[in-house]
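# A structural walkthrough
One-letter residues, chain by chain:
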Amino acid sequence: MKVVFHEKYKEVYSTDPASAPGRMEAILNEIAGSYEIITPEPASEEDLLLAHTKEHVDYVKSLPKVYEVAILAVGGAIKAAKIAISGEPAFGLIRPPGHHASRDSSWGFCYFNNIAISILKLRKEELIKRALIIDFDLHFGDGTDNIFFNDPDVYYYHLPGRNREEQLKNLENFLKESLSETYDIIGVSAGFDRHVADWGGILRTEDYFYIGKLIREYSLDICNGRVFAVLEGGYNHSVLGKNVKAFIDGLSE
């Protein structure tokens, strides 16, 4: 397991909760010394245009501080995806998040769709043909769904369920069903705002370990262990680091 991180992710680039000071530090403090940290390069404009219109890219460019960090976030997702191609799991400790970024618009603290661009980049380079994206953020990734809506080679799954037990069972059942499909990689939009102490008030810290372990185990049969995740939501700094570490620990089992 490798963690992809850049020091610029610590910068406060806007007033939204995803840019709040201390968010990255809360996670880094928990994982310190546990995993190798890899530094990414910024994504190119050509990479951004795999998922977004030129007009949207130009809009984000008009926010220079945001743009500088956002292209590093995309670069981090691409780096994590490239590591996963070798069969080693990877986690992109990145920001801004991305799953609310559609082709020509964005909201919800997102600017570019990190996970979508990374999948499209792998496909462009003929490293994969088909991909599965699992999103366990509290909020539906409308941007990811928008980008891949008419794409038969990318399946987007957002974790449903009314309570903790139902959500965990739904994920296990979905992964079992996915054994009958053919995928080359699993990308995970890892949001931690379902936690009991965060906005969702549903999952416990140990559940994130279980989710990571479950995805890792099934990835070995679904796509030869090719799995990576990127950070989306999670805003209570007092529990965020513990939740992220629990998930990474599970994913690295």
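Residues numbered from 1 in each chain as written. Predicted model: local features only at pLDDT ≥ 70, side-chain atom pairs only at ≥ 80, totals over all residues. Heavy atoms only, no water.

### Observations concerning the pattern of salt bridges
The criterion, for reference: A pairing counts as a salt bridge when a side-chain nitrogen of Lys or Arg comes within 4 Å of a carboxyl oxygen of Asp or Glu. In DSSP terms, a helix is any run of H or I states spanning at least four residues, a strand is any run of E spanning at least two, and both are numbered starting from the N terminus. Exposed residues in this analysis have more than 50% of their type's maximum accessible area, buried residues have under 20%, and partly exposed residues fall in between, with area computed by a 1.4 Å probe over protein chains only.
As enumerated under the stated definition, the model contains 24 salt bridges in all. Linking Glu88 and Lys2 is a salt bridge whose minimum nitrogen-to-oxygen distance equals 2.9 Å. Separated by 86 residues along the polypeptide, Glu88 in the loop between helix 4 (64–85) and strand 3 (90–92) and Lys2 in strand 1 (residues 2–4) bring together distant segments of the chain. The buried category is assigned to Lys2, whose relative accessible area is 18%. When the shortest N-O distance is used, the salt bridge between Glu11 and Lys65 registers 3.8 Å. Of the two residues, Glu11 is situated in the loop between strand 1 and helix 1 (23–31) and Lys65 in helix 4; the sequence distance between them amounts to 54 residues. Given the relative accessible area of 43%, Lys65 is considered partly exposed. The network of salt bridges with common partners includes Lys8, Glu11, Lys65 and Glu68.

### A look at the pairing of strand 4 (residues 131–135)
Just so we agree on the cut-off: Clockwise travel from the first strand over the helix to the second, with the strands pointing away from the viewer, marks a crossover as right-handed. In short, DSSP must find at least two bridges between two strands for them to pair.
By the criterion of burial, strand 4 is predominantly enclosed, with five of the five residues buried. The side-chain alternation of strand 4 yields two buried faces, one formed by Ala131, Ile133 and Asp135 and the other by Leu132 and Ile134. The β-α-β motif built from strand 4, the intervening helix 6 (residues 142–148) and the parallel element strand 5 (residues 154–158) has right-handed crossover chirality. One ladder, built from five bridges, connects strand 4 with strand 6 (residues 185–190); its direction is parallel. From the neighbouring strand, Leu132 faces strand 6, where its bridge partner is Ile186.

### Topic: unusual backbone geometry
Look at the link from Arg95 to Pro96: it is a cis peptide, with omega at 5 degrees. Mapped onto the elements of the fold, Pro96 is located in the loop between strand 3 and helix 5 (114–124). The phi dihedral of Phe109 is positive, around 75 degrees, even though this residue is not glycine. Structurally, Phe109 is set in the loop between strand 3 and helix 5. Accessibility expressed as a relative area gives 25% for Phe109, which makes it partly exposed. With a phi angle near 60 degrees, Glu126 is a residue other than glycine that sits in the positive phi range. As for its position among the elements, Glu126 is in the loop between helix 5 and strand 4. Glu126 gets classed as exposed once you look at its relative accessible area, which sits at 73%.

### Section: the side chain of Asn113
Put simply, the rule reads: Polar contact is the term for a pair of N or O atoms within 3.5 Å; when the atoms are in protein, one must be able to donate a hydrogen and the other to accept it, and sequence-neighboring residues count only if both atoms are side-chain atoms. For this analysis, residues touch if any pair of their heavy atoms sits within 4.5 Å.
Mapped onto the elements, Asn113 comes out in the loop between strand 3 and helix 5. By relative accessible area, Asn113 is classed as buried at 0%. Engagement of the side chain of Asn113 in a polar contact is seen with the side chain of Thr144, the distance being 3.1 Å. For Asn113, the contacting residues outside a window of four places in its chain are His52, Gly98, His99, Ala101, Gly143, Thr144 and Ile147.

### Comments concerning helix 4
For the record, the criterion: Helix span, expected: 1.5 Å multiplied by one less than the number of residues in the helix.
Helix length check: helix 4 (22 residues) gives 32 Å between terminal C-alpha atoms against 32 Å at 1.5 Å per residue, within 8%. Of all the 22 residues making up helix 4, 17 are buried; the element is thus mostly covered by neighbouring parts of the structure. Phi turns positive, to about 100 degrees, at Gly87, one or two residues after helix 4.

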